[in-house]
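Spelled out from the first residue to the last, the chains are:
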Amino acid sequence: MILPSWFRFAQCLRRYHDTKQTCPHLINAGKYASGCLVIITNSFRRATAIHYLDDITLNPFLYVWIFVSFFGSTYKLIWDLKMDWGFFDKNAGENKFLRDQIVYPSKYYYYLAILENILFRYIWIINVFNKRHIK
């Protein structure tokens, strides 16, 4: 599960090495590093779950995973909104909150996709409240 994020992380580091541009390459690398951390902390959480079957809230890796997941989701969401969607672009012209150039004929496709992106970035939170998620 970690390989796609790891490869993209390495690509971003290589791009930084070649260009010496912190933005966007190192910042983008941070996004993929946060994805790796989510996978690693979730692995620790799941590997130690057997010791906390009576009360999963005692597993310290549960809280590390929640923190890292929330941080990673927020990092990725901010990147998506600013860099991928051009949200709050000052040069957007008539496309309020979007990039100046858009492909689809209606701006509402983009606004709907942004709302879905926010929802899907944080849907993992349901897993926190599901006691069966450790089995």
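Let me begin by describing the structure that accompanies this report. (Residues numbered from 1 in each chain as written. Predicted model: local features only at pLDDT ≥ 70, side-chain atom pairs only at ≥ 80, totals over all residues. Heavy atoms only, no water.)

1. Quick look at helix α4 (residues 107-121)
- The first and last C-alpha atoms of α4 sit 21 Å apart over 15 residues, in line with the 21 Å expected at 1.5 Å per residue.
- Listed as buried for α4 are Tyr110, Ala113, Ile114 and Asn117. Angularly, the buried residues of α4 cover 105 degrees about the axis, an arc narrow enough to put them on a single face. Exposed residues pointing more than 90 degrees away from the buried face of α4 are listed as Tyr108 and Leu115.
- At its buried positions, α4 is contacted by α3 (60-84).
- A distance of 3.2 Å separates the backbone nitrogen of tyrosine 108 from a side-chain oxygen at the start of α4, and that oxygen is part of serine 106. (Helix = DSSP H or I, 4+ residues; strand = E, 2+ residues; numbered from the N terminus. Expected span 1.5 Å × (residues − 1). Buried < 20%, exposed > 50% of the residue type's maximum accessible area, 1.4 Å probe, protein only. Arc of directions from axis to C-beta. Contact = heavy atoms within 4.5 Å. Polar contact = N/O pair within 3.5 Å; in protein donor to acceptor, adjacent residues only side chain to side chain.)

2. Some points on the side chain of serine 34
- Of note, serine 34 is situated in helix α2 (residues 22-48).
- A relative accessible area of 3% places serine 34 in the buried class.
- Once residues lying within four places of it in the same chain are set aside, the contact partners of serine 34 are Val68, Gly72 and Lys76.

3. Observations regarding the environment of glycine 93
- Tracing the sequence through the fold places glycine 93 in the loop between α3 and α4.
- For the pair glycine 93 and aspartate 54, spaced 39 residues apart in sequence, the C-alpha to C-alpha distance is 57 Å.

4. As for the layout of surface pockets
- In this structure, the largest pocket occupies an estimated 340 Å³ of space.
- If you go around the largest pocket, you meet 16 residues; those closest to its centre are Val38, Ile39, Trp65, Ser69 and Lys76.
- Listing elements by their share of the lining of the largest pocket, those giving two or more residues are α2, α3 and α4.
- It is α2 that contributes the most residues to the lining of the largest pocket, 6 residues altogether.
- A class-by-class count of the residues in the lining of the largest pocket yields 6 nonpolar, 7 polar and 3 charged. (1 Å grid on protein atoms, 1.4 Å probe; cavity = no way out; pocket = protein on both sides within 12 Å on 5 of 7 lines; lining within 4 Å. Points joined across faces, edges and corners; volume = space filled by probe spheres on them. Nonpolar A, V, L, I, M, F, W, Y, C, P; charged D, E, K, R; others polar.)

5. Overview of the packing of α2 against α3
- Where α2 meets α3, the axes come as close as 8 Å, and the angle between the chain directions of the two elements is 155 degrees. Looking at the two axes, α2 sits roughly antiparallel to α3. In this structure, α2 crosses over α3, and the sense of that crossing is left-handed.
- Residues of the contact of α2 with α3, tallied by class, amount to 13 nonpolar, 9 polar and 3 charged. (Axes fitted to C-alpha atoms, helices over the stretch in contact; angles between N-to-C directions. Parallel < 35°, antiparallel > 145°, perpendicular 65-115°, else oblique. Left-handed = near helix turned anticlockwise from the far one by under 90°.)

6. Some points on the packing of aromatic side chains
- Applying the stated criterion across every chain yields a total of 9 aromatic pairs.
- Consider the rings of tyrosine 104 and tyrosine 109, whose centres lie 6.1 Å apart with planes at 75 degrees: the pair is edge-to-face.
- Note on tyrosine 104: relative accessible area 51%, which makes it exposed.
- Through a chain of ring-to-ring contacts, the aromatic side chains of Trp85, Tyr104, Tyr109 and Tyr110 assemble into a single cluster.
- Arginine 45 extends its terminal NZ or CZ atom over the ring of tryptophan 65, reaching a point 4.3 Å from the ring centre. (Phe/Tyr/Trp six-rings, centres within 6.5 Å; stacked < 30°, edge-to-face > 60°. Lys NZ or Arg CZ within 6 Å of the ring centre and 35° of its normal.)

7. Quick look at the pattern of salt bridges
- Taken as a whole and judged by the stated rule, the model has 2 salt bridges.
- Between aspartate 18 and arginine 14 there is a salt bridge; the shortest N-O distance is 3.1 Å. Taken together, the positions of aspartate 18 and arginine 14, both in helix α1 (residues 3-19) and 4 residues apart, correspond to about one turn of that helix.
- In this structure, arginine 121 and aspartate 80 form a salt bridge, with 2.7 Å as the shortest nitrogen-oxygen distance. Residue arginine 121 is located in helix α4, and its partner aspartate 80 is located in helix α3; the two are separated by 41 residues in the primary sequence.
- Judged by relative accessible area, which is 26%, arginine 121 ranks as partly exposed. (Salt bridge = Lys/Arg side-chain N within 4 Å of Asp/Glu carboxyl O.)

Any link to function would need more than the numbers given here.
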